[in-house]
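Descriptive structure summary
In case you want the letters, here they are:
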Amino acid sequence: MARDLEQYLRPGVGVTTFCPGCGEAILMGLILRAIDELQLDINNMLFVSGIGCAAWIPSPHFNADTLHTLHGRTIAFATGAKMANPKLKVVVISGDGDLTDIGGNHLIHGARRNIELTVICANNSIYGMTGGQVCSTTPLGAFTMTTHEGNPYRPFDLCKLVKAAGAAYVARYSVTQPFALIKSIEKALQTKGFSFVEALTPCPIQFGRRNKFDSAADMLKDLMDRCIMKEDAEGLSSEELEGKIITGEFTDGGD
Ligand SMILES: Cc1ncc(C[n+]2csc(CCOP(=O)(O)OP(=O)(O)O)c2C)c(N)n1
Ligand code: SF4
Ligand SMILES: [Mg+2]
C-alpha cells in the first residue's frame, strides 16, 4: 500500500544531509514506515539524537519534537524527558560512535535500569561525520582514517552488550532486510522497557572507499551476502559462519 510518508517530514527542510548511497537515509524511511504502520501519534513522540550523520535522521527531518543533544548524551536527555512526562514515547536515534563509544556508559546503564526508551542505533562501523575514525564497532583489520594498517582491536557485539546489561528487547537487522527491520522497530516501539535495535547501514564515503568497496551498491550487496538470520545460523559450523553477521531478535522480554 502506498503511504504518504511526507506527512512526517518537516516542511521546508528540502535537501537531505546524507551522501548518495548512505544507508542511514534508508533507515530514516524505515523508521517512518514503522511509525506509520503502528499509526502512532507523532505529536506524542520525542526524538532524541546526539551528534553524527545518524543524528540527522530525526533532526531536522522529522516534523515532530526533536532534541538534538550533545555527543554521547542522548540516553541522559531521553531519560530526563521520559521522567518528566512518562506518557511521552521517547525514541533515541543515533550512531554507533555516539551511542556506544562516547555514550557507552549511558547506554549500558539505561539498559540496566530498563527505562522505557526505544533506542535505534545506526551501526555503520565508523565515525562517519567526522572523517572516518575507528569506532568500537569497526571490524578487526578494517581500514579507517586512524587505522592505516588495519584496526587491531575486535569490535563490540552491541546486541550482546545491551542484552547483558538488561534490556527488555534487543534486535539486529540490516537496512538490506527492510521488512524485518521495520517489524523490529515496531516491536521496539511497543516494548514496555528498554528496547534496542541495531540497524546495520553502509557508509560508502568514510568506510567503503577505504575498504575496497567500489560503490554504495557493492556495500549493500556485501550486507545482503553476509547477513544471516539467527534461526538459519543455528547448527552451522564456525567455518560456515566465518564472515557472516547474525541478525534477528536476541531477547524479547518486554510486554
Ligand atoms: C564531546 C565530543 N567529542 C567529539 C565530537 C566529535 N564528533 C562529532 S560526531 C562524532 C562521531 C559520530 O559517529 P557516529 O555516532 O557513529 O555517527 P555517524 O556519523 O557515523 O552516523 C564525533 C567524534 C563531539 N562533537 N563532541
Ligand atoms: S559520511 Fe557516511 S554515514 Fe555520513 S552521510 Fe555520508 S555515507 Fe552517510
Ligand atoms: Mg557511525
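Structure first, text after, so check above.
First, a word on scope: everything that follows refers to the structure included in this document. Keep in mind that this is a model prediction, so the values were computed, not measured.

Description of the overall build of the chain
Counting secondary structure elements, the chain contains 8 helices and 8 strands. Scaling as 2.2 N^0.38, a compact globule of 255 residues should have a C-alpha radius of gyration of about 18 Å, and the chain matches this with 17 Å. The C-alpha extent of the chain, read off along each of the three principal axes, is 45 × 40 × 40 Å. Relative to its 255 residues, the chain shows a buried fraction of 50%. For the chain, the share of sequence-separated contacts (at least 6 apart) that also reach a separation of at least 24 residues comes to 67%. Of the accessible surface of the chain, which amounts to about 12,000 Å², a share of 55% is contributed by carbon and sulfur atoms.

Observations concerning the site of ligand 1
Residues in close proximity to ligand 1 total 17 residues, the closest being Cys53, Asp96, Gly97, Asp98 and Gly128. Separating an oxygen atom of ligand 1 from a backbone N or O atom of Cys53 is a distance of 2.8 Å. Measuring from an oxygen atom of ligand 1, one finds a backbone N or O atom of Ile126 at 3.0 Å. When isolated, ligand 1 has an accessible area of 590 Å², and the protein chains bury 73% of it. Looking at the shell around ligand 1 element by element, the count peaks at 4 residues for helix H3 (residues 96–102). By residue class, the composition of the shell around ligand 1 is 7 nonpolar, 7 polar and 3 charged.

Re the nonpolar core
With 33 residues, the main nonpolar core has Leu27, Ile31, Phe47, Phe62, Leu181 and Ile185 as its most contacted residues. Breaking this core down by element, the ones donating at least two residues are helix H1 (23–38), strand E1 (45–49), strand E3 (89–95), strand E4 (118–123), strand E5 (169–174), helix H6 (178–189) and strand E6 (195–200). Per-element accounting of this core gives the leading share, 7 residues, to H1. Once residues within four sequence positions are removed from consideration, Phe47 is found in contact with Ile35, Ile42, Pro58, Phe62, Ala64, Asp65, Thr66, Leu67, Val91 and Ile93. Core analysis: the next-biggest nonpolar cluster, separate from the first, contains 23 residues, Val48, Ile75, Leu99 and Cys159 among them.

Overview of the site of ligand 2
In the vicinity of ligand 2, the contacting residues are Phe18, Cys19, Cys22, Glu24, Cys53, Asn124, Gly128, Cys203, Pro204, Ile205 and Gln206. A breakdown of the residues in the shell around ligand 2 according to their chemical character gives 7 nonpolar, 3 polar and 1 charged.

Things to note about the state of the cysteines
A complete count under the given rule lists 0 disulfides for this structure. Left without a disulfide partner, Cys121 is nearest to the cysteine sulfur of Cys135, which lies 8.3 Å away. Its relative accessible area of 0% is what places Cys121 among the buried residues.

Some remarks on the pairing of E6
When you tally the buried positions in E6, you get 6 out of 6 residues, the bulk of the element. Judged from the 6 bridges that link them, E4 and E6 form a sheet pairing that is parallel. Across the sheet, the residue bridging to Thr118 is Ser195, located in E6. Strand direction decides the pairing type here: E5 and E6, joined by 6 bridges, are parallel. The partner of Ala171 across the bridge, within E6, is Val197. Read from E5 through H6 to E6, the crossover connection turns out right-handed.

Conventions adopted
Residues numbered from 1 in each chain as written. Chains lettered and ligands numbered in written order. Predicted model: local features only at pLDDT ≥ 70, side-chain atom pairs only at ≥ 80, totals over all residues. Heavy atoms only, no water. Helix = DSSP H or I, 4+ residues; strand = E, 2+ residues; numbered from the N terminus. Rg over C-alpha atoms; globule rule 2.2 N^0.38 Å. Buried < 20%, exposed > 50% of the residue type's maximum accessible area, 1.4 Å probe, protein only. Contact = heavy atoms within 4.5 Å. Areas by Shrake-Rupley, 256 points an atom, 1.4 Å probe, with all protein chains shown as cover. Near = heavy atom within 4 Å. Polar contact = N/O pair within 3.5 Å; in protein donor to acceptor, adjacent residues only side chain to side chain. Nonpolar A, V, L, I, M, F, W, Y, C, P; charged D, E, K, R; others polar. Core = buried A, V, L, I, M, F, W, Y, C linked by side-chain atoms within 4.5 Å. Disulfide = S-S within 2.5 Å. Pairing = 2+ DSSP bridges. Right-handed = clockwise from strand over helix to strand, strands pointing away.

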